[in-house]
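Here is how the chains run, residue by residue.
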Amino acid sequence: MSEPEAAGSEATPPPPSLSDVQDLVRRKDEIEAQIKAYYEVLEDGLQVDDEIVEFGSVNADNFQTLHNISTVVQHSEGSPLSVTVIRSGERRRLRLTPMRWAGKGLLGCNIVPLQR
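Chains are numbered independently. Their residues run from 1 in the order of the written sequence. With pLDDT at 70 or above as the cut-off, local features in this predicted model cover only qualifying residues; side-chain atom pairs require 80 or more to be listed or tallied, and sums for whole chains, interfaces and linings still use all residues. Water and hydrogen atoms play no part in the side-chain values, which are based on all heavy atoms of the structure.

The name recorded for the protein in an unreviewed UniProt entry is 26S proteasome non-ATPase regulatory subunit 9, from Ornithorhynchus anatinus. UniProt positions are given in the numbering used here, feature names are shortened, and annotations may be inferred rather than shown by experiment. As its UniProt record puts it under Function (unreviewed entry), the protein is described as follows: "Acts as a chaperone during the assembly of the 26S proteasome, specifically of the base subcomplex of the PA700/19S regulatory complex (RC). During the base subcomplex assembly is part of an intermediate PSMD9:PSMC6:PSMC3 module, also known as modulator trimer complex; PSMD9 is released during the further base assembly process." Its UniProt record gives the protein a comment under Sequence similarities (unreviewed entry), which states: "Belongs to the proteasome subunit p27 family."

Okay, structure coming up:
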């Protein structure tokens, strides 16, 4: 077989279909939303081991379960929330904005009860 015939016999993949392109764009948007959610949580300053003492309207006086915080988050989608934490013995005020992203929830993080 001559060189031009060998080069021409290599199969070129078919061009991507419209649905393939749409799927790639959707996955790209989901990944960007995930990155944005994590970035905003980190930029706003919420860190592992922060002790949350106030989350929007929920504080030590009216807190009953994590459902209280979940309710505040759901009703605050797209609006900044004031969050007060104790970090390394210091009280700090943060601002978090709950929003939809590719993952679960609206914050891009999990809040767990403090075990004492």
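Once the structure has been displayed, the description carries forward.
This paragraph deals with the overall build of the protein. Starting at the N terminus, helices and strands are each numbered in turn, a helix being any DSSP run of H or I of at least four residues and a strand any DSSP run of E of at least two. When its secondary structure is counted, the protein shows 3 helices and 4 strands. Listed by position from the N terminus, the elements making up the protein come as α-α-β-β-α-β-β. Exposed residues in this analysis have more than 50% of their type's maximum accessible area, buried residues have under 20%, and partly exposed residues fall in between, with area computed by a 1.4 Å probe over protein chains only. When each of the 116 residues of the protein is scored for burial, the buried share is 20%. It only takes one pair of heavy atoms within 4.5 Å for two residues to be counted as in contact. Long-range pairs, those at least 24 residues apart, make up 56% of the contacts in the protein between residues at least 6 apart in sequence.

Tracing the backbone through its elements, the reader meets Asn62 in the loop between strand S2 (58-59) and helix H3 (66-75). The exposure class assigned to Asn62 is partly exposed, which follows from its relative accessible area of 36%. Look past the residues within four positions of Asn62 in its chain and what remains in contact with it is Ser57 and Asn68. Two N or O atoms form a polar contact when they lie within 3.5 Å of each other; inside protein one atom must be a possible hydrogen donor and the other a possible acceptor, and for residues adjacent in sequence the pair counts only when both atoms belong to side chains. At 2.9 Å, the side chain of Asn62 and the backbone oxygen of Ser57 are in polar contact. Polar contacts involving the side chain of Asn62 include one to the main-chain amide nitrogen of Asn59, which spans 2.7 Å.

Moving on, we get to the pattern of salt bridges. Every case where a carboxyl oxygen of Asp or Glu lies within 4 Å of a side-chain nitrogen of Lys or Arg is listed as a salt bridge. The tally for this structure, following the rule as stated, stands at 7 salt bridges. The salt bridge partner of Glu30 is Arg26, with a shortest N-O separation of 2.7 Å. With Glu30 and Arg26 both in helix H2 (residues 18-44) and 4 residues apart, this pair spans about one turn of that helix. Between Arg93 and Glu54 there is a salt bridge whose closest N-O contact spans 3.6 Å. Placement of Arg93 in strand S4 (residues 90-96) and of Glu54 in strand S1 (residues 51-55) is noted, with a sequence separation of 39 residues between them. The class for Glu54 is partly exposed, based on a relative accessible area of 22%. One network of salt bridges, with partners in common, ties together Asp23, Arg26, Arg27 and Glu30.

Below, the discussion takes up the sheet that holds S1. Working definition: the strands of a sheet are paired by backbone hydrogen bonds and lie parallel or antiparallel to each other. An order of S2-S1-S3-S4 is seen for the 4 strands of this open sheet, with the pairing classed as antiparallel. Of all strands in the sheet, those bounded by a partner on one side alone are S2 and S4. DSSP bridges decide pairing: two strands pair if at least two such bridges lie between them. Two strands pair when backbone bridges link them, and strand S3 (residues 81-87) and S4 are joined in this way by 7 bridges, in the antiparallel orientation. By the bridge assignment, Arg87 is partnered in S4 with Glu90.

Note that S1 and S3 share 4 bridges and pair antiparallel. Each bridged residue has a counterpart across the sheet, and for Glu51 the counterpart in S3 is Ile86. In this antiparallel pair of consecutive strands, S1 and S2, the connection spans 2 residues, and Gly56 shows a positive phi of 60 degrees.

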